[in-house]
Amino acid sequence: MAQCLGQVFSKDKTFRPRKRFEPGTQRFELYKRAQASLKSGLDLRKVVQLPDGENINDWIAVHVVDFFNRINLIYGTVSEFCTEKSCPIMSGGPRYEYRWQDGDQYKRPTKLPALIYMNLLMNWIESLINNEDIFPTRVGVPFPKNFQQVCKKILSRLFRVFVHVYIHHFDMICSMGAEAHINTCYKHYFYFISEFSLIDHSELEPLVRALCHIV
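Residues numbered from 1 in each chain as written. Predicted model: local features only at pLDDT ≥ 70, side-chain atom pairs only at ≥ 80, totals over all residues. Heavy atoms only, no water.

Engineer: So, the overall build of the protein chain: which residues are in play, and what are the values?
Structural biologist: For the protein chain, the helix and strand inventory stands at eight helices and zero strands. Overall, the protein chain shows an N-to-C arrangement of helices and strands of α-α-α-α-α-α-α-α. Taking all 215 residues of the protein chain together, the buried fraction comes to 48%. By sequence separation, contacts in the protein chain at least 24 residues apart represent 73% of the contacts at least 6 residues apart. Of the roughly 11000 Å² that the protein chain leaves accessible, carbon and sulfur atoms contribute 49%. (Helix = DSSP H or I, 4+ residues; strand = E, 2+ residues; numbered from the N terminus. Buried < 20%, exposed > 50% of the residue type's maximum accessible area, 1.4 Å probe, protein only. Contact = heavy atoms within 4.5 Å. Areas by Shrake-Rupley, 256 points an atom, 1.4 Å probe, with all protein chains shown as cover.)

Engineer: Can you explain the pattern of salt bridges? Please cite residues and give values.
Structural biologist: For the structure shown, the criterion picks out five salt bridges. Between glutamate 205 and arginine 95 there is a salt bridge, with its nearest N and O atoms 4.0 Å apart. Taken as a pair, glutamate 205 in helix α8 (residues 205-208) and arginine 95 in the loop between α4 (56-78) and α5 (114-129) lie far apart in primary sequence, 110 residues in all. For arginine 95, a relative accessible area of 64% corresponds to the exposed category. (Salt bridge = Lys/Arg side-chain N within 4 Å of Asp/Glu carboxyl O.)

Engineer: Talk me through the confidence of the model for the protein chain; I want residue IDs and the actual numbers.
Structural biologist: Overall, the prediction assigns the protein chain a mean pLDDT of 83, with 77% of residues at 70 or greater. For the protein chain, the element scoring lowest by mean pLDDT is helix α1 (residues 2-8), at 44; α5 scores highest, at 95. The low-confidence segment residues 1-11 (pLDDT under 50) makes 29 contacts with residues lying over four places distant or belonging to another chain. (pLDDT = per-residue confidence, 0-100.)

Engineer: Quick one: what's the story with the UniProt feature "binding site: Zn(2+)" (unreviewed entry) in the protein chain, residue by residue and with numbers?
Structural biologist: Here, the residues flagged by UniProt with the feature "binding site: Zn(2+)" (unreviewed entry) are Cys82, Cys87, His164 and His169. Spanning 88 residues, the named residues nonetheless gather at one spot, since no C-alpha pair among them exceeds 10.0 Å. One can find cysteine 87 in the loop between α4 and α5. Here cysteine 87 falls in the buried class, since its relative accessible area comes to 6%. Sequence-distant contacts of cysteine 87, defined by excluding residues within four places in its chain, comprise Cys82, Pro113, Ala114, His164 and His169. The topology assignment puts histidine 169 in helix α6 (residues 147-175). The exposure class of histidine 169 is buried, given its relative accessible area of 6%. (UniProt positions renumbered as here; feature names shortened; annotations may be inferred.)

Engineer: Explain the nonpolar core residue by residue, including any values.
Structural biologist: Among soluble globular proteins, nonpolar side chains are generally buried collectively. Core analysis: the largest hydrophobic core is formed by 60 residues, its most contacted members being Phe135, Ile154, Phe162, Tyr186 and Tyr189. Secondary structure elements with two or more residues in this core: α4, α5, α6 and α7 (179-195). Considering each element in turn, this core owes the most residues, 13 residues, to α6. (Core = buried A, V, L, I, M, F, W, Y, C linked by side-chain atoms within 4.5 Å.)

Engineer: Would you mind going over the packing of α4 against α5 in detail, with residue names and values included?
Structural biologist: Between α4 and α5, the least distance of the axes is 12 Å, while the angle of their chain directions is 155°. By the angle between their axes, α4 is roughly antiparallel relative to α5. Crossing hand, α4 versus α5: left-handed. Across the interface between the two elements, Val65, Phe68, Ile71, Asn72 and Tyr75 from α4 touch Ala114, Leu115, Met118, Met122, Ile125, Glu126 and Ile129 from α5. Here the residues of the contact of α4 with α5 are counted per class, giving 10 nonpolar, one polar and one charged. (Axes fitted to C-alpha atoms, helices over the stretch in contact; angles between N-to-C directions. Parallel < 35°, antiparallel > 145°, perpendicular 65-115°, else oblique. Left-handed = near helix turned anticlockwise from the far one by under 90°. Nonpolar A, V, L, I, M, F, W, Y, C, P; charged D, E, K, R; others polar.)

Engineer: Can you lay out α6 for me, pointing to particular residues and giving the numbers?
Structural biologist: When the terminal C-alpha atoms of α6 are compared, their 39 Å separation across 29 residues agrees well with the 42 Å that a helix rising 1.5 Å per residue should span. A bend of about 80° at histidine 169 is the largest found in α6. Taken from the residues just after α6, glycine 177 is the one with a positive phi, measuring 70°. (Expected span 1.5 Å × (residues − 1). Bend = angle between axes of the 7 residues up to and from the residue.)

Engineer: With reference to specific residues and values, describe α5.
Structural biologist: Under the 1.5 Å per step criterion, the end-to-end length of α5 is 22 Å for 16 residues, consistent within 8% with the ideal 22 Å. For α5, the full list of buried residues reads Ala114, Tyr117, Met118, Leu120, Leu121, Met122, Trp124, Ile125, Leu128 and Ile129. In this fold, the buried residues of α5 make contact with α4 and α6.

Right under this line is the structure:
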């Protein structure tokens, strides 16, 4: 899938610089293993399963960063069409509206244009995955006790990008011939969060009907 996404989506339009794993680290090796499995054509349900003998938090960390990179690439490709005029509210159709709250600049849930919401979201995620206290990269440094809770929050908010792109920009994705690739990315994401119970499935409702044919 990584190769296909790279062929269809312009890497120059990645919404944020890619987060990379340090060569020689355990997480880099896990990342290479996961990518090799993806490219081998194996069933995605099996690809997401924790390899024997590996630490579950390392496996989750690798995938959270990878999904951040992939979803950045997808949104970056359509972001020029996602303007304050075309998408004045961050939403997933008329029934679902997402408001931003970070406890800092936005202490209460705030209605924002989708593009501004996406900027805030990606900044927020980037600050977390670059925080050594949350995503430690040094050998022997343990993950914090709330690590999986943090990842659940990240993955839940990244899902909203899928919702917005599918419902509001899918015509553009289709015009690029990229629908099969975003579908594969979503399926990978869906099977991963399902395998490790990382999202309350009630949060997936906005896309359940629209995507029932691909999951």
